[in-house]
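Listed below, chain by chain, are the residues.
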Amino acid sequence: MSLAGKVALVVGGGTGIGKAIALSLAADGAKVAIAGRRFEVLEQVAAESEAEIHCHSVDVSDRASVKGLFDFVSKTLGQLDILVNAAGINIKTRSMAEMTPEQWDQVMQINATGGYNLLYEALPPMRQRKDGLIVNISSISGKRAYALGGIAYCASKFAMTALGTAAGNEVAADGVRITNIYPGEVETPILEQRPAAPTAEHRARMLQPEDFSEVVLAICHLPPRAHVAELIIKPTKQEYT
């Protein structure tokens, strides 16, 4: 069973989890487009794939930019079957005492409003044809308000949790499925925004981006009657309390 003929868009597909998922979808036969802020990074990902991957820059906080992305996918690849939202940012100043209002706005605009903007464009055609899958790569910080994630990041990921759950309930009757995935610690470039860099030993205990590839492929391969609403994936040695 493959995804041949399916059209998939991975937002945040230039690095980390999004990159790993995009490469696995393309290898499985899907027609894949990846999007992100840095076009040159997207091109590097496309060059790693034996299958063709299309690239388009996007600012998820800008609704006109998001609409342009979906227009590109529709014209280039056809109707969208699978959307993976792996876009997200964090900041180094993560406490209320250190964070500025502008930093709060930046994190919320990308992580929360950006997720809404993607759903706003993706859902209407999926609902119309009674089929579609959306996978939101959130964070364990969208389930537990960890100090490690920080005030803004946790708030934005809790918003993403509510958005995916509530929208998923709304569109279920139309045959559209929304899955929220909550990763624990993952070895990705977002670690560069930690207040203190993790040690090599700590990084070695983390999940790797490719750990999500088979899981997302399995969700994509499920029959339309089966819906994975939520999935938590954490390193074996990371506590979940």
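Right, let's walk through the structure included here. For every chain, the first residue of its written sequence is number 1, and the numbers climb from 1 along that sequence. With pLDDT at 70 or above as the cut-off, local features in this predicted model cover only qualifying residues; side-chain atom pairs require 80 or more to be listed or tallied, and sums for whole chains, interfaces and linings still use all residues. Where side-chain values are given, they derive from all heavy atoms of the structure, hydrogens and water being excluded.

On to the packing of aromatic side chains. Aromatic contacts are taken between Phe, Tyr and Trp rings whose centres are within 6.5 Å, Trp giving its six-membered ring; a plane angle under 30 degrees counts as stacked, one over 60 as edge-to-face, and the others as tilted. This structure, assessed with the given rule, holds one aromatic pair. For the pair Tyr116 and Tyr120, a centre-to-centre distance of 6.0 Å together with 35 degrees between the ring planes defines the contact as tilted. Highlighted residues: Tyr116 and Tyr120, both in helix α4 (residues 101-129), separated by four residues, approximately one helical turn. Note on classification: 1.4 Å probe, protein chains only; a residue is buried when its accessible area is under 20% of the maximum for its type, exposed when over 50%, partly exposed between these limits. You can call Tyr120 exposed: its relative accessible area is 52%. Counting from the N terminus, the helices are DSSP H or I runs at least four residues long and the strands are E runs at least two residues long.

Below, the discussion takes up the packing of helix α1 (residues 16-27) against helix α7 (residues 213-221). Across the interface, α1 lies against α7 with an axial gap of 9 Å and an inter-helix angle of 50 degrees. The angle between the axes of α1 and α7 places the two elements in the oblique class. Crossing of α1 over α7 shows right-handed handedness. Facing α1, whose interface residues are Ala20, Ile21, Ser24 and Leu25, α7 presents Ser213, Val216, Leu217 and Cys220. Gly is placed with the polar residues, together with every amino acid not listed as nonpolar (Ala, Val, Leu, Ile, Met, Phe, Trp, Tyr, Cys and Pro) or charged (Asp, Glu, Lys and Arg). Class assignment of the residues belonging to the contact of α1 with α7 gives a composition of six nonpolar, two polar and no charged. The angle between two axes is taken between their N-to-C directions and runs from 0 to 180 degrees, where each axis is a line fitted to C-alpha atoms and a helix contributes only its stretch in contact. For this classification, under 35 degrees means roughly parallel, over 145 means roughly antiparallel, 65 to 115 means roughly perpendicular, and everything else is oblique. By convention the crossing between two helices is left-handed if the near helix lies anticlockwise of the far one by an angle smaller than a right angle, and right-handed if it lies clockwise. Note on contacts: a residue pair qualifies if any of its non-hydrogen atoms lie within 4.5 Å across the two residues.

Here the focus is the nonpolar core. We call a set of buried residues a nonpolar core when its members are Ala, Val, Leu, Ile, Met, Phe, Trp, Tyr or Cys and they connect through side-chain atoms within 4.5 Å of each other. Leu9, Val11, Phe70, Leu80, Leu83 and Ile134 are the most contacted members of the largest nonpolar core, which totals 31 residues. Elements with a minimum of two residues in this core: β1 (7-11), β2 (31-36), α3 (63-76), α4, α5 (151-171) and β6 (176-183). Sort the elements by how many residues they give to this core and α4 lands first, with seven residues. Ala8, Val10, Leu133 and Ile181 belong to the second-largest nonpolar core, a separate cluster that totals 30 residues.

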